[in-house]
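# Notes for the structure review
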Amino acid sequence: MITGRYARQTMFEGIGCEGAERIHAARVSIIGMGALGSVAAAQLARAGVGFLRIVDRDFVELGNLHRQALYTEENAGKQLPKAIAACGRLAAINSEIVIEPVVADFCRANAEEFVRDVDLILDGTDNFETRFLLNEICRKCGKPWIYGGAIGATGATMNILQDGGPCLRCMMPVLPMPGEYPTCATEGILGMASSIVASAQAVEALKIIVGSPNISRSFLRFDLWDNEVMRLDMVRDPDCAVCGKGEYELPPQGLTEGEEEERTIPLCADGTFQVSPKQRARIDLAAFAVRLEEIGMVSHNGYLLRFDNEEASFSLFDDGRAIIRDAKDAAKARSIYAEYIGL
Ligand SMILES: [Zn+2]
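What you are looking at is a predicted structure, and each value in this text was computed from that prediction instead of being measured. (Residues numbered from 1 in each chain as written. Predicted model: local features only at pLDDT ≥ 70, side-chain atom pairs only at ≥ 80, totals over all residues.)

### Looking at unusual backbone geometry
One non-glycine residue, Gln162, adopts positive backbone phi at about 60°. As for its placement among the helices and strands, Gln162 is situated in the loop between β6 (154–160) and α8 (168–171). On the basis of neighbour counts, which here come to 15 C-beta atoms within 10 Å, the residue Gln162 falls in the partly exposed class. Its identity as a non-glycine residue notwithstanding, Asn227 has a phi of 60°, on the positive side. Position of Asn227 among the secondary structure elements: in the loop between β7 (218–223) and β8 (228–233). The exposure class assigned to Asn227 is exposed, which follows from the 8 C-beta atoms found within 10 Å. (Helix = DSSP H or I, 4+ residues; strand = E, 2+ residues; numbered from the N terminus. Buried ≥ 20, exposed ≤ 12 C-beta atoms within 10 Å, placed from the backbone.)

The structure is reproduced here in structure tokens:
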């Protein structure tokens, strides 16, 4: 007779008593505690995953609450770091597991320490530059990770298993230019879409942990508004820079913590920072302005785009450099840059 708090989960034939033990012994890192990470973390905590490391650089704001299910108005009022707010809530959900909150910008200087001592990593990030880094570090450390992304009413997820299957770079060889891809800040997002992606990531995490034969090997994409679901079988690219050749698009050593700081320069006005892109960029400001018009005041003159709304205020040059105004600190300036400009 199976009893106790996990009884219903353990009774499920895909898990069983052996699976339950593996879940309690499992160590998982979640990179990014926004719409995906916060939902997946709650599910894995409830499922009894023994160790959860939650990494996030940002703090809770009122505009997060419609989709980031762990957080409260009180968290937003206090501007608590997401990792700290999440840790408190997760500990209240399950006091039997170990939760390690990390308030940090996941970057090349620190990425490996968050990845090497866990069994599995969940992608809760909001930009491809960080995902490229995650893809490379997980490849280097031989750790499976679960890609997730959501925008509008659409979502996508895929397991990167390090077992001969494709990696992220097999599917996306080149890092998109800043502004090339829409972001949640420019297109909006429904919490239901991100919650489904997070649930899919969490269930795949359980399958990987228990060693299920049912682990998904395809790219799943859905659109909740247009009622579409798509499964694509992806193949490994033998010429892939990361899993094929072991070469990286980003500099081999990447940006150190110091260089990350250098990328963001405080300007003389209080709360104003210049943020540079990590790679050379050329942005079509007119096209980008059209995308931003929906969500704030935009003007541009061919050389410079100015944007203002309640959450963000910045000027963007066509080389990808941005002047971010009214940011709390340098990390927040980089966060606004990632959210609105897309890198
Ligand atoms: Zn690859």
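### A short note on the packing of helix α3 (residues 35–47) against helix α10 (residues 191–210)
Orientation of α3 relative to α10, taken along the N-to-C sense of each, is 45°, at an axis distance of 8 Å. Comparing their axes, α10 and α3 come out oblique. At the point where α3 passes α10, the crossing takes the right-handed sense. Contacts from Ala35, Leu36, Val39, Ala40, Gln43, Leu44 and Ala47 of α3 reach α10 at Gly191, Ser194, Ser195, Val197, Ala198, Ser199, Gln201, Ala202, Ala205 and Leu206. Taken together, the residues of the contact of α3 with α10 break down into 11 nonpolar, six polar and no charged. (Axes fitted to C-alpha atoms, helices over the stretch in contact; angles between N-to-C directions. Parallel < 35°, antiparallel > 145°, perpendicular 65-115°, else oblique. Left-handed = near helix turned anticlockwise from the far one by under 90°. Contact = placed C-beta atoms within 7 Å. Nonpolar A, V, L, I, M, F, W, Y, C, P; charged D, E, K, R; others polar.)

### Quick look at the pairing of strand β1 (residues 27–31)
The two faces of a sheet get side chains in turn, since along a regular strand they alternate between them. The buried count for β1 comes to four of five residues, which makes it a mostly enclosed element. Two elements, β1 and strand β2 (residues 51–56), share five bridges in a ladder whose sense is parallel. The residue bridging Ile30 from the neighbouring strand is Ile54, located in β2. In this fold, β1 hands off to α3, which returns the chain to β2; that crossover is right-handed. Pairing of β1 with strand β4 (residues 120–123) involves four bridges; the strand directions are parallel. In the sheet register, Ile30 faces β4, and the bridge partner there is Leu122. (Pairing = 2+ DSSP bridges. Right-handed = clockwise from strand over helix to strand, strands pointing away.)

### Focus on the sheet that holds β7
Here we have eight strands laid out as an open sheet, ordered β3-β2-β1-β4-β5-β6-β7-β8, and mixed in their pairing. If you trace the sheet from one side to the other, it starts and ends with β3 (98–103) and β8, each paired once. Mean inter-strand twist for the sheet, computed between neighbouring axes without regard to direction, equals 15°. Packing of helix α7 (residues 128–141) onto the sheet brings it into contact with β1, β4, β5 (145–151) and β6, and relative to β4 it is tilted by some 170°. Along the sheet, α10 contacts β1, β4, β5, β6 and β7; its crossing angle with β5, the most-contacted strand, is approximately 170°.

Such coordinate-based values are descriptive only and should not be taken to indicate function.
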